[in-house]
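So you can see what is in the structure, the chains are spelled out below.
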Amino acid sequence: MVTINDIARLAGVAKSTVSRYLNGGSVSAKTKAKIDKIVAETGYKPNTFAQSLKAKNTAMIGTIVPRLDSYATTQGLKGIDEQLRAVDYQLLITNSNQDIQREIEAIYAYAKQKVAGIILFATVITDEHRKAIDSSKVPVIILGQQADGYHSIVHDDYQAGYMLGKYAVSLGHRIFTYFGVFEDDIAVGQKRKQGILDGIKPNGKIKIIETTFAIEAAYQKALQILPKMESSYVICATDNIALGVLKAAHELKMVIPDQFSLSGFGDYDVTTAVFPMITTIKFPYYQSGVIAAENLYQLIEGEKIPEIIKLDNQLVERESTKRLK
């Protein structure tokens, strides 16, 4: 691997001269032309991270995610990374492991590292989040939650819930069970749930069960609920929760959709690898990452962008739901 020392030796200049060249400092035209030629011939690639530690404005973008074992997170990060590579920015990732305090600490830490911007995959936005964002003095994009006064990219969770509620009613279902999450999560815990409730009104009644985003938690909860359930349709706040319910149904020898229909939200790849394949709402997670990176880059460049961007979704009908006679 070619190093800065190699470039200096081949150019016959000091290492400090090459360092100034790489960081946009003052170098004579003759020396610059010589180094340009050597860099082109050797294919030398500077260490962006090392450069960023010395620069006032880095080419690093910090991301904060609630967990890494999430399809939505990995697809969003993929979109961010590919978009940032196109403009020669590098991606840093901090996993908060669903610990709000770790998210807040990460914002302060990224500010100290002089990142050019931050993308926060948010489940909640507290006053402490706001304080950290305001004090960071760097552009921030919030992905997944809407926060007044901050640039946010959100999925239209209310519309998604309403669409699925209407779809379930159109199949003739009137009694529902909903496996949801804590209401501190505004997007999923409140807006998505309210959309479902409004979608089935006034045609049906619904029982609400609270669980977490984890498959195992939903599975354990479903083992308790399914044997005594009267509902003909189970709606789950995410595909992971739907997978947990599906696992419990198989263990209990319950046949889907003969005994009850099942659907989720997200359109994770695994929903087509199980039996029956799961009806779901498709969210553009990859595209949300691309848009987040594009918008953050525009903010870094001093351009204006919309404060809120709301993304569309679509219903994907599969084998886990059926029309009642």
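Residues numbered from 1 in each chain as written. Predicted model: local features only at pLDDT ≥ 70, side-chain atom pairs only at ≥ 80, totals over all residues. Heavy atoms only, no water.

J.: I keep staring at the domain arrangement of the protein and nothing clicks. Help me out?
T.: As a measure of interface size, the accessible area lost when the parts come together is often cited. One can read the domain layout of the protein as domain 1 (4–46), domain 2 (60–155 + 285–307) and domain 3 (157–283). Taken over C-alpha atoms, the centre of domain 2 sits 29 Å from the centre of domain 3. Contact with domain 2, which involves 10 residues of that partner, is made by 13 residues of domain 3. Here domain 2 meets domain 3 over a buried area of about 1100 Å², counting both sides, of which 48% is carbon and sulfur. For the pair domain 2 and domain 3, the number of links is zero salt bridges. Counting every contact that joins domain 2 to domain 3 gives five residue pairs in polar contact (both at pLDDT 80 or more). Looking at the side of domain 2 that touches domain 3 residue by residue, the classes come out as three nonpolar, six polar and one charged. (Domains from an automatic or database assignment. Contact = heavy atoms within 4.5 Å. Buried area = accessible area lost by both parts, 1.4 Å probe. Salt bridge = Lys/Arg side-chain N within 4 Å of Asp/Glu carboxyl O. Polar contact = N/O pair within 3.5 Å; in protein donor to acceptor, adjacent residues only side chain to side chain. Nonpolar A, V, L, I, M, F, W, Y, C, P; charged D, E, K, R; others polar.)

J.: Teacher, can you tell me more about the sheet that holds strand 8 (residues 233–236) here?
T.: Each strand in a sheet pairs with its neighbour through backbone hydrogen bonds, running either in the same direction (parallel) or in the opposite one (antiparallel). Strand order in the open sheet formed by four strands is 7-6-8-9, with parallel pairing between adjacent strands. Single-partner strands in this sheet number two, and they are strand 7 (205–210) and strand 9 (261–263). Between one strand axis and the next, the sheet turns through 20 degrees on average, direction left out of account. With six bridges connecting them, strand 6 (residues 175–180) and strand 7 associate as parallel partners. (Pairing = 2+ DSSP bridges. Helix = DSSP H or I, 4+ residues; strand = E, 2+ residues; numbered from the N terminus. Axes fitted to C-alpha atoms, helices over the stretch in contact; angles between N-to-C directions.)

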